[in-house]
Amino acid sequence: MTDTLNEHADPTLEKGEPLIQMDNVGKAYGAIRALSGINLSVGAGEVTCVLGDNGAGKSTLIKIMSGLHGHTEGTLKVDGEEVHFGSPREALDHGIATVYQDLAVVGLMEVWRNFFLGSELTSGKYPLAPMKIKEMREIADTELKKMGITVKDINQPIGTLSGGQRQCVAIARAVYFGARVLILDEPTAALGVKQSGVVLKYTAAARDAGLGVVFITHNPHHAYLVGNHFIILKLGRRVLDKKRSEVTLEELTAEMAGGRELAELSHELQSTQR
Amino acid sequence: MSQSLSKTPSGAESPGASSSSGAAAPPPKPSNSFLTKALARPEIGAFLAAVVIYIFFFIVAPPFRDAASFSTVLYASSQVGIVAVAVGALMIGGEFDLSAGVASITYGLTAALMCYQLSVNMWLGVIVSLVLALFIGFINGYLVQRTGIPSFLITLGTFFILQGCNLGVTKLLTGSVATKNVSDIEGFDSAKSIFASSFDIGSVSVKITVVWWLLFVAIASWILTRTRIGNWIFAVGGNAASARAVGVPVNKVKIGLFMGVGFMAWFYGMHLLFAFNTIQAGQGVGQEFIYIIAAVVGGTLLTGGFGSAIGTAIGAFIFGMVTQGIVYAGWDPNWFKAFLGVMLLLAVAVNLYVKKLSSTRKA
């Protein structure tokens, strides 16, 4: 599987070089502020974990980075250049690929069609040029085999694969098409322990190949296994932003469980008792 | 990396599993037999039904056996099939168009009224109505994408608007509910030769719409299975959010599909005009459902993302066989609608079963 990464990852990437920089980014939907004051940097060869409970603003953050929604405050820089995405295509053109938890694939379409969806190989530039179907089938099959996903038939609908396999197909696809930043939206949320392990291994492999990875999750244990940098969001704001060396798994878990509020509450309760 | 979730592939290598590309492209792991592959095709149910229905009428209705009758069946099929192929593609893309039936009349009326009232060449009317057809298709698609209101409602609105305008405008301009005979207007004959002529194969006269129908089905089939746009049509119908996320221009694809229906409805409207020299303004109501039924009987999933142009063509062919077959058998044609309803229910049941099969894990 690392073959895929070594072959297709951008060789100019240098570890630690910032790919995405967010400065005070915020997003308001009308009068509702979903996100505000986010400073975030995604470096090449690093996994930036974004943790948060439901409604913390994780999805909004992904949507800004992947081009589904434009940000309304602050600046978003990709490779040092300020950008404002109007569509997912623009984000993809900047090498930012997003793998969504639930909408990574079109279930009724064949595996190879899903693999190439949106980036089909055609034998000409004109609109109705025939696709290179044979070639696409072969590439998809080879790439998946490299990842260790053995599908019975590359022509079967992708809906017949398991959740972990589907996730891996989506990641393999993003990497194959030259993603430099990989945004993984809750990649392990719906998976069992073994399948999560597969996805986490692949995440680590993508990092080692020099890609910048944004790993969105609500599971601090999974985050701590692969992360270099941790950000916790709460109600659209950043409540924790630490490097791996500055934080322990216990701290992360406690913070995710609402640790600060709990501590304040216990302090208040104690002071009233006196 | 050692894989925990990969299963050992079953070693059964069956040579019969030829890929749909037709070329000598061996699929990487041909694990399915020819039969299972055939059963996964959207049109298989419709194909079997068509065979059964053909044999049935062949036995019970002696006139059905003539070549001339078969030509009539094909003509009836083409009248449904031409618009149905676009409606089917639109449904694969996850949308409906209920205005497709009366829209044909609108375009026929536009050409007829304009040429008669302004005394201009017939071809000018043909072109102007084509522009109108593409425009109305665009508006349908644009409204659906812009408002997020289900296409069922948007096109129901267009359906009634067009139906009202058809009658209202025609009455206003001609004083009656039909257009005047346009057959002596310049350009009529050349347009008729394109849209409504017939030719002989041996002793059998074949309508040109049959040729157009087969051509449109071939083109649609090629677009759907072989081109990137076809891939996108299946994707926007199967899961629009996923498609958008990987960079498929969902709105453009859907608007294009609505315009495709507009084009086909225009073509059928031109056929009606040049076949009968006049257009009845109240016609076309109910046709939209026939198109949808043809697509669904042909294996198109009502929820989008699955189907084929050939399936829709078979659906239209079943329609043609039954409408004519009932007549040849000497039965009361009123039974036809009841039959159509039964076919629809059966088709929906088969489709549901197919979708279940294809979304069950077997990897």
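Thresholds, definitions, all that
- Residues numbered from 1 in each chain as written.
- Chains lettered and ligands numbered in written order.
- Predicted model: local features only at pLDDT ≥ 70, side-chain atom pairs only at ≥ 80, totals over all residues.
- Helix = DSSP H or I, 4+ residues; strand = E, 2+ residues; numbered from the N terminus.
- Buried ≥ 20, exposed ≤ 12 C-beta atoms within 10 Å, placed from the backbone.
- Contact = placed C-beta atoms within 7 Å.
- Core = buried A, V, L, I, M, F, W, Y, C linked by C-beta atoms within 7 Å.
- Pairing = 2+ DSSP bridges.
- Axes fitted to C-alpha atoms, helices over the stretch in contact; angles between N-to-C directions.
- pLDDT = per-residue confidence, 0-100.
- Parallel < 35°, antiparallel > 145°, perpendicular 65-115°, else oblique.
- Left-handed = near helix turned anticlockwise from the far one by under 90°.
- Nonpolar A, V, L, I, M, F, W, Y, C, P; charged D, E, K, R; others polar.
- Expected span 1.5 Å × (residues − 1).
- Arc of directions from axis to C-beta.

Peer 1: Any chance you could break down the overall build of chain B for me, citing the residues and the numbers?
Peer 2: Of the regular secondary structure elements, chain B holds 14 helices and two strands. For chain B, the proportion of its 363 residues judged to be buried stands at 48%. Sequence-distant contacts, at least 24 apart, represent 75% of the contacts inside chain B between residues at least 6 apart.

Peer 1: Explain the nonpolar core to me, using residue names and the numbers behind them.
Peer 2: What tends to happen in soluble globular proteins is that the nonpolar side chains get buried as a cluster. Counting 179 residues, the largest nonpolar core has Val 169 and Leu 182 of chain A together with Val 85 and Val 87 of chain B as the members making the most contacts within it. If near-sequence neighbours (up to four positions away) are discounted, Val 87 of chain B is found in contact with Asp 97, Ala 100, Val 261, Tyr 291, Ile 292 and Ala 295 of chain B.

Peer 1: Give a detailed account of the sheet that holds strand 9 (residues 229–234) of chain A, specifying residues and quantitative values.
Peer 2: Residues and elements named next belong to chain A. Taking strand neighbours across the sheet as the criterion, the six strands line up as 6-7-8-3-9-10 in an open arrangement whose pairing is mixed. Where the open sheet ends on each side, the last strands, each with one partner, are strand 6 (96–99) and strand 10 (237–243). Strand-to-strand twist in this sheet, taken as the mean axis angle between neighbours without regard to direction, amounts to 15 degrees. Sheet topology note: the strand 6/strand 7 (residues 181–185) ladder contains four bridges and is parallel. The residue of strand 7 that forms the bridge with Ile 96 is Val 181.

Peer 1: Account for the environment of Thr 106 of chain B, naming residues and giving values.
Peer 2: All names here are of chain B. Mapped onto the fold, Thr 106 is located in helix 4 (residues 100–118). Between the alpha carbons of Thr 106 and Gly 262 there is a distance of 11 Å; along the sequence they are 156 residues apart. Setting aside its immediate chain neighbours within four residues, Thr 106 contacts Leu 162, Cys 165 and Asn 166.

Peer 1: Would you mind going over the confidence of the model for chain B in detail, with residue names and values included?
Peer 2: Residue and element names in this part refer to chain B. Scored by pLDDT, chain B comes out at a mean of 86, with 87% of its residues at no less than 70. Overall, residues 1–31 carries pLDDT values under 50, and its contacts beyond four positions in sequence, including any with other chains, amount to 54 contacts. Taken together, the chains of this predicted complex give a pTM of 0.81 and an interface ipTM of 0.77.

Peer 1: Which residues make up the environment of Leu 262 of chain A, and what are the values?
Peer 2: Residues and elements named next belong to chain A. Along the chain, Leu 262 falls in helix 10 (residues 259–273). By C-beta crowding, Leu 262 is classed as exposed, having 11 other C-beta atoms within 10 Å. Residues Leu 262 and Leu 121 lie 141 residues apart in sequence; the distance between their C-alpha atoms is 55 Å.

Peer 1: Explain the packing of helix 2 (residues 44–60) of chain B against helix 13 (residues 309–328) of chain B to me, using residue names and the numbers behind them.
Peer 2: Residues and elements named next belong to chain B. Remark: helix 2 packs on helix 13, axes separated minimally by 10 Å, with the N-to-C direction vectors making an angle of 15 degrees. Compared by their axis directions, helix 2 and helix 13 come out roughly parallel. In terms of crossing hand, the pair formed by helix 2 and helix 13 is left-handed. Only Gly 311, Ile 314, Gly 315, Phe 317, Ile 318, Met 321, Val 322, Gly 325 and Tyr 328 of helix 13 make contact with helix 2, whose side of the interface consists of Ala 46, Phe 47, Ala 49, Ala 50, Ile 53, Tyr 54 and Phe 57. When grouped by side-chain class, the residues that make up the contact of helix 2 with helix 13 number 13 nonpolar, three polar and no charged.

Peer 1: Residues and numbers for helix 6 (residues 163–176) of chain A, please.
Peer 2: All names here are of chain A. Counted at 1.5 Å a residue, the expected span for helix 6 with its 14 residues is 20 Å, and the 20 Å between its end C-alpha atoms agrees. Counted residue by residue, helix 6 has 14 buried out of 14 residues, so it is predominantly covered. At the exit of helix 6 stands Gly 178, carrying a positive phi of roughly 75 degrees.

Peer 1: Describe helix 2 of chain B, naming the residues involved and giving the relevant values.
Peer 2: Residue and element names in this part refer to chain B. Taking 1.5 Å per residue, 17 residues should reach 24 Å; helix 2 reaches 25 Å between its end C-alpha atoms and fits that length. Taken residue by residue, helix 2 has Gly 45, Ala 46 and Phe 57 as its buried positions. Within helix 2, the buried residues cover an arc of 85 degrees as seen down the axis, which keeps them to one side. Opposite the buried face of helix 2, by more than 90 degrees, sit the exposed residues Leu 48, Val 51, Val 52, Ile 55 and Ile 59.

Peer 1: Describe the sheet that holds strand 1 (residues 18–29) of chain A, listing the residues and the values that go with them.
Peer 2: Residue and element names in this part refer to chain A. Spatial ordering of the open sheet is given by 2-1-4-5, a layout of four strands whose pairing is antiparallel. Of all strands in the sheet, those with a lone pairing partner are strand 2 (32–43) and strand 5 (81–83), marking the two edges. Sheet twist, expressed as the average angle between the axes of neighbouring strands with direction ignored, equals 30 degrees. Sheet topology places strand 4 (residues 73–78) next to strand 5; three bridges connect them, and they run antiparallel. Its bridge partner lying in strand 5, Lys 77 is registered against Glu 82.

Peer 1: Any chance you could break down unusual backbone geometry for me, citing the residues and the numbers?
Peer 2: Leaving glycine aside, a negative phi is the common case for residues, and trans is the common case for peptide bonds. Residues and elements named next belong to chain B. Phi is positive for Ser 119, close to 50 degrees, though the residue is something other than glycine. Take Ser 119: it is sitting in the loop between helix 4 and helix 5 (122–147). Although it is not a glycine, Asn 277 sits at a positive phi angle of roughly 65 degrees. Positionally, Asn 277 belongs in the loop between helix 11 (250–276) and helix 12 (287–297).

Peer 1: Talk me through the confidence of the model for chain A; I want residue IDs and the actual numbers.
Peer 2: When pLDDT is averaged along chain A, the result is 82, and 91% of the positions lie at 70 or above. Averaged pLDDT values over the elements of chain A bottom out at 55 in helix 1 (residues 2–8) of chain A and peak at 90 in helix 4 (residues 111–116) of chain A.

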